[in-house]
Amino acid sequence: MASTLRRRVPSSDTPSETPTPRDESPDNPEKPKVAHHHRPKTRKRRNTAIFLLGSLFGIIAAGFFAKSNDLIDFPEIGELSMDSFLDVLPAGLVKDMRELVIGERDFVESYDAFSVGLKVRSEGLEAHHPMVMVPGVISTGLESWGTSNVSLPYFRKRLWGSWSMMRALVLDKETWKAHIMLDKKTGLDPPGIKLRAAQGFDATDFFITGYWIWNKIVENLASLGYDPINSYTAAYDWRLAYQNLEKRDHYFTRLKTHIELAVQVQQKKVVLTSHSMGSQVVFYFFHWVASKHGGQGGDDWVEKHIESWINVSGCMLGAVKDVSAILSGEMRDTAQLNAFAVYGLEKFLSKSERADIFRAMPGMSSMLPIGGSAIWGDLDGAPDDQPDQEHSYGSFLNFRTGQNWTTPDRNFTVDDAMNYLLDTSEDWYRDQITGSYSWGVAQTTAEVEANEDDPRKWTNPLETRLPLAPSLKIYCFYGVGKPTERGYYYRPPEPGSLTNLNMTIDTGLTQGMVDHGVIMGEGDGTVNLMSTGYMCNHGWQMKRYNPAKAKVTVVEMPHEPERFNPRGGPNTADHVDILGRQNLNEFILKIAAGRGDTIENHVISNIREYAAKAKVYEEEDE
């Protein structure tokens, strides 16, 4: 089998032909230009389980993370045995994964989960404001409520975020795909299928057994005196376009009603805490709740009901990795897998299958990069380019010379890539996305105000404003210092490969700042610094985007992981693992307790310098 794999999947260590971008000079392989974009290779696959749909490597990793004895059990997997996996895995991979899970278990068992909450409580703080938590993309479990013949075996089982998902994916893939993908015409449930977001704290505290997400925050809130009476998880079906969240699930109506009830009962305004895509959901909600086209609460609703918004790792301007995921069903995680893992991944879900699944989840397309060339640069340069950088980030998708007709004959900016994605997509996807989202920049107050009546603009903070709530306090907490996808090299698919994709990441190219066809930049490992930091540090200082002058506090958190801790430990700033970071939990508790005024700005990156170079200009009266 090994020889067969080598023939089918060329080793990523083998150099490709001359890696020259169109109309540009090659980088010097002996002298990488931007050394700080590299990270230790030993950590590069750590998050595969949560970010890769259907990855065999991810299934094995998640299995090892399950709390169990030396004989790993897979609840609900049934006739699919762990031994059958171990028989085909390389011995080295099995050994590495066993060592990894031992380290994770030792950490979990030795970690005082409630320590931050107990520390804050010892300082005299206690539960004060009602808390509402809005999770990020893929964090919420999705369970089947369908009663058709195809759905009956999965009734009330989670087909996302549980071992039921793994079992269905491995043993009944086509049925799993039929459930997880939305109807391509309506963007809602396919006929006979009914998948709904799990509810309560169990919906988001763990993604799968052993892989915590919101669990650390919930534990520490409980130490301060929070429980289901004064705290609430606003879980949602992240697959849906935001307008359909309200149309199908009445999500924003239910969120509005819950907040109003909390304020009425507890006589205190609510603190909203959001993570990742959840921050976009909150921003959309601010517009919806005030609009005559939505909740009809009026412009003063947020002022009356919301004390603070805690924006954790918010992808306010999207994430560039969303383009590669939707365009070709891949990202850095897949690009860096070794030959065996690539074979396993392709066996379960091919690139074209993954791209089709991502497109059939219109909610994920809300994270396509916002702001175009104004934020992400053009072929002449980008705001976050480094002084000694020969290849600009503004050249987002790059193609080597001498390729065949399936690849473009020039490099693409983010604007070009977005146009290409829409132009080469099927009509149903283009109609769904252009009818739900907008990615432009409003350069005047008049444009911003006009956009308040257009729901397509409500996810875009560069086209719409913050709510008219002068006492609202916004806290932006996000990680910095972890290499994050910023651009790509693409090539045609392998000759004879069975795919309907026009291109794939050029994983054979590793040279200079290019790692397996991926160009790395600054961020938290998932979301780029320009996305997490631009609005918080610059955009919301402009009058047209923040007319009520709501106070914005920014705390950047450097990525300082513990070397042998698989989740990074108390000082990690990874996009997901930051939810377990010690000082983030402490800040959240202080804000919940009414002491957010003690938190000071702490900016350590060059985001303000980058933001000043973006082509988003102030009006004369600003």
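For the structure, check the block above.
Now for a look at the structure at hand. What you see as residue numbers is a count from 1 along each chain, following the sequence as written. At least 70 in pLDDT is required for a residue's local features to be given in this predicted model, at least 80 for side-chain atom pairs to be given and counted, and no such filter applies to totals for whole chains, interfaces and linings, which use all residues. Computation of side-chain values: all heavy atoms of the structure, hydrogens and water removed.

The criterion for strand pairing is that DSSP finds at least two bridges linking the strands in question. Going along the chain from the N terminus, every DSSP run of H or I of four or more residues is numbered as a helix, and every run of E of two or more is numbered as a strand. As summarised here, the arrangement of the six strands in space is β7-β1-β8-β9-β11-β16, forming an open sheet in which the pairing is parallel. Looking at strand neighbours, the two that pair on one side only are β7 (231-233) and β16 (551-558), the edges of this open sheet. On average, each strand axis in the sheet is tilted by 15° relative to the strand beside it, whichever way the strands run. The pairing of strand β9 (residues 306-312) with strand β11 (residues 473-480) spans five bridges and is classified as parallel. Paired with Trp309 across the two strands is Ile474, which belongs to β11. Here helix α12 (residues 277-290) sits on the sheet in contact with β1 (131-134), β8 (270-275) and β9, set at roughly 135° to β8. Simply put, an axis is a line fit to the C-alpha atoms, just over the touching stretch for a helix, and the angle between two N-to-C directions goes from 0 to 180 degrees. By definition in these notes, contact holds between two residues if any of their heavy atoms fall within 4.5 Å.

Moving on, we come to the pattern of salt bridges. Salt bridges are counted wherever a side-chain nitrogen of Lys or Arg sits within 4 Å of a carboxyl oxygen of Asp or Glu. Applying the stated rule across the entire model yields 29 salt bridges. In this structure, Glu586 and Lys119 form a salt bridge, with 3.2 Å as the shortest nitrogen-oxygen distance. A residue pair is termed long-range when its members are at least 10 positions apart, and Glu586 in helix α23 (residues 582-592) and Lys119 in helix α6 (residues 115-122) qualify at 467 residues. Glu586 sits in the buried class, given a relative accessible area of 16%. Only protein chains enter the accessibility calculation, which uses a 1.4 Å probe; a residue is then buried when its area is under 20% of its type maximum, exposed when over 50%, and partly exposed in between. Its relative accessible area of 37% is what places Lys119 among the partly exposed residues.

For the rest of this paragraph, the subject is the packing of aromatic side chains. For Phe, Tyr and Trp, where Trp contributes only its six-membered ring, two rings pair if their centres lie within 6.5 Å, and the inter-plane angle classes them as stacked under 30 degrees, edge-to-face over 60, or tilted in between. Tallying each qualifying case throughout the model produces 22 aromatic pairs. Centroid distance Phe252 to Tyr284: 5.1 Å. Interplanar angle 35°. Geometry classified as tilted. You can see Phe252 sitting in helix α11 (residues 251-266) and its partner Tyr284 sitting in helix α12, a full 32 residues away along the chain. Ring centres 6.1 Å apart and planes at 35° place the aromatic pair Tyr475 and Phe477 in the tilted group. With respect to class, Tyr475 is no different from Phe477; both count as buried. Every member of this aromatic cluster is reached through a ring pair, and the members are Tyr236, Tyr242, Tyr251, Phe252, Tyr284, Phe285, Trp288, Trp301, Tyr437 and Trp458. Geometry around Tyr211 places Arg567 over its ring, the cationic atom sitting 3.9 Å from the centre. Any Lys NZ or Arg CZ that is within 6 Å of a ring centre and within 35 degrees of that ring's normal is treated as a charge sitting over the ring. Geometry around Trp212 places Arg567 over its ring, the cationic atom sitting 3.9 Å from the centre.

Let us now look at the sheet that holds strand β4 (residues 195-197). Spatially, the three strands line up as an open sheet ordered β3-β2-β4, and their pairing is antiparallel. Whereas interior strands pair on both sides, the edge strands pair on one side only; in this sheet they are β3 (158-160) and β4. Strand-to-strand twist of the sheet, defined as the mean angle between neighbouring strand axes without regard to direction, takes the value 40°. In this structure, strand β2 (residues 142-144) lies alongside β4, joined through three bridges in antiparallel fashion. Each residue of the ladder has a partner; that of Glu143, found in β4, is Arg196.

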